[in-house]
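Next come the chains, spelled out residue by residue.
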Amino acid sequence: MTSPHPYRGRFAPSPTGPLHFGSLVTALASYLEAKSRNGQWLIRIEDLDPLREPAEATGQILGSLDAHGLFPSEPALFQSRRHDAYHAAIQHLLSEGNAYRCSCSRKQLQANFGRHPQHCRENDTAREAPFAIRFALSDDQCHWHDQLLGPQRQVVQAEIDDPVLLRKEGFFAYQLAVVVDDIAQGITHVVRGSDLLDMTAQQLQVYRALGAAPPHWLHIPVIVNNDGQKLSKQNHAPALDNHTPVKNLFAALSALNQQPPTSLLAGSVDNLLQWACTHWEPGAAYLTPW
Ligand code: GLU
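Source: prediction; values computed, not measured.

### Some words on the overall build of the chain
Right, so step 1: Assigned secondary structure in the chain consists of nine helices and ten strands.
Right, so step 2: In summary, the chain has a C-alpha radius of gyration of 20 Å against a globular reference of 19 Å for 290 residues, a match within 12%.
Right, so step 3: Once the C-alpha set of the chain is aligned to its principal axes, its extents read approximately 65 × 40 × 35 Å.
Right, so step 4: Of the contacts made within the chain by residues no fewer than 6 positions apart, 75% connect residues no fewer than 24 positions apart.

In structure tokens form, the structure reads like this:
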């Protein structure tokens, strides 16, 4: 699935509800960053957790992106159809000692400040009880560069921070699937919300363990509601009105501090996206007082 294109970006929503304004801002930023660099832009539906995903959400998200003129360079990829790849990655990580089985409950871990009372990393004893599979992190003071936010330093603690790759309920977890798919799709640049910033140092270790080079990351500030909470499906952010795409895109460009001229409001979606591509200034998003 890899490709010789120098820039491959993606928008990777979890379909826990319809597209809302916050996710439109992220989608638009990743689209503009890709298009303004002559790159490809992909859509990946991160449908890993059927218990949190209403059946209609994927169709609603794809319909909204369509209505807003955000067409991908390739057909969308669905994580629900990628279980074989995740399974293979876990087997590889287990066989190299980079993952382990863990039957600790959240309560037990909390009571032990993140240490595993059954010493799961050393004793592979969790095979009978329902177990999760976790990634075995190395202690690290991780330094990496965000293309918008600049130099980043994140502390990663072995054992205490070890992320789940396969949940006890049998669902594959985000920290595994996002890396496996960004590698498989040949993603070179990731633009996403800064609520995921803290995940990055751990993901760097997963890339390393899977023998792949990491992408460049650019985290944009997340949109918050009047109470200062991230606009999200959990906070019941309203679905976008697909009948007003120009107005929505204009508001998203303004939220990204691109200062679009009001004349765009009288034009078409194509016209607005064209202007936005030509004038895209990712650095301006940093200055947004969100
Ligand atoms: N699926 C994640 C979300 O909707 C985004 C994953 C990513 O961009 O790395 O929050």
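### What to know about the packing of helix H1 (residues 21-36) against helix H8 (residues 269-279)
Right, so step 1: Between H1 and H8, the least distance of the axes is 9 Å, while the angle of their chain directions is 65°. Viewed along their axes, H1 and H8 adopt a mutual orientation that is roughly perpendicular. As for the relative orientation of H1 and H8, their crossing is right-handed in sense. Contacts from Leu28, Tyr31, Leu32, Lys35 and Ser36 in H1 reach Leu273, Ala276 and Cys277 in H8.
Right, so step 2: Residue composition of the contact of H1 with H8, grouped by class: six nonpolar, one polar and one charged.

### Overview of the environment of Pro6
Right, so step 1: When you line up the elements, Pro6 lands in the segment before strand E1 (8-11).
Right, so step 2: Residue contacts for Pro6: discarding those within four places in its chain leaves Thr188 and His189.

### Considerations on the nonpolar core
Nonpolar side chains tend toward joint burial in soluble globular proteins.
Right, so step 1: Core analysis: the largest hydrophobic core is formed by 41 residues, its most contacted members being Leu28, Leu65, Leu70, Ile220, Leu256, Leu272 and Leu273.
Right, so step 2: Of all the secondary-structure elements, those providing two or more residues to this core are H1, strand E2 (40-45), helix H2 (57-67), strand E10 (216-220), helix H7 (245-255) and H8.
Right, so step 3: Tallying contributions element by element places H1 first for this core, with eight residues.
Right, so step 4: If sequence neighbours within four positions are ignored, Leu28 has contacts with Leu70, Leu249, Ala252, Leu253, Leu256 and Leu273.
Right, so step 5: Counting residues in each nonpolar core, the second largest holds 31 residues, with Leu48, Ala89, Ile187 and Trp217 among its members.

### Some remarks on the layout of surface pockets
Right, so step 1: Taken as a whole, the largest pocket spans an internal volume of roughly 1000 Å³.
Right, so step 2: Lining of the largest pocket is provided by 39 residues; of these, Ser14, Tyr174, Asp195, Leu196 and Lys230 occupy positions nearest its centre.
Right, so step 3: Counting only elements with at least two residues in the lining of the largest pocket, the list comes to E1, H1, helix H5 (174-184) and strand E9 (189-193).
Right, so step 4: The biggest single contributor to the lining of the largest pocket is H1, with four residues.
Right, so step 5: Computed from the structure, the second largest pocket encloses a volume of approximately 290 Å³.
Right, so step 6: Together, Cys104, Ser105, Arg106, Leu109, Ala132, Arg134, Val164, Arg167, Lys168 and Glu169 line the second largest pocket.
Right, so step 7: Breaking the lining of the second largest pocket down by element, the ones donating at least two residues are helix H4 (106-111) and strand E5 (132-135).
Right, so step 8: Split by residue class, the lining of the second largest pocket holds four nonpolar, one polar and five charged.

### Brief notes about the sheet that holds E2
Right, so step 1: In spatial order, the strands read E1-E2-E3; together these three strands make up an open sheet with parallel pairing. The two strands at the open ends of the sheet, each matched to only one other strand, are E1 and strand E3 (77-78).
Right, so step 2: Pairing of E2 with E3, which is carried by two bridges, proceeds in the parallel orientation. Along E3, the bridge assignment pairs Arg44 with Leu77.
Right, so step 3: Across the sheet, H2 touches E1, E2 and E3, and the angle it forms with E2 is around 160°.

Rules used throughout
Residues numbered from 1 in each chain as written. Predicted model: local features only at pLDDT ≥ 70, side-chain atom pairs only at ≥ 80, totals over all residues. Heavy atoms only, no water. Helix = DSSP H or I, 4+ residues; strand = E, 2+ residues; numbered from the N terminus. Rg over C-alpha atoms; globule rule 2.2 N^0.38 Å. Contact = heavy atoms within 4.5 Å. Axes fitted to C-alpha atoms, helices over the stretch in contact; angles between N-to-C directions. Parallel < 35°, antiparallel > 145°, perpendicular 65-115°, else oblique. Left-handed = near helix turned anticlockwise from the far one by under 90°. Nonpolar A, V, L, I, M, F, W, Y, C, P; charged D, E, K, R; others polar. Core = buried A, V, L, I, M, F, W, Y, C linked by side-chain atoms within 4.5 Å. Buried < 20%, exposed > 50% of the residue type's maximum accessible area, 1.4 Å probe, protein only. 1 Å grid on protein atoms, 1.4 Å probe; cavity = no way out; pocket = protein on both sides within 12 Å on 5 of 7 lines; lining within 4 Å. Points joined across faces, edges and corners; volume = space filled by probe spheres on them. Pairing = 2+ DSSP bridges.

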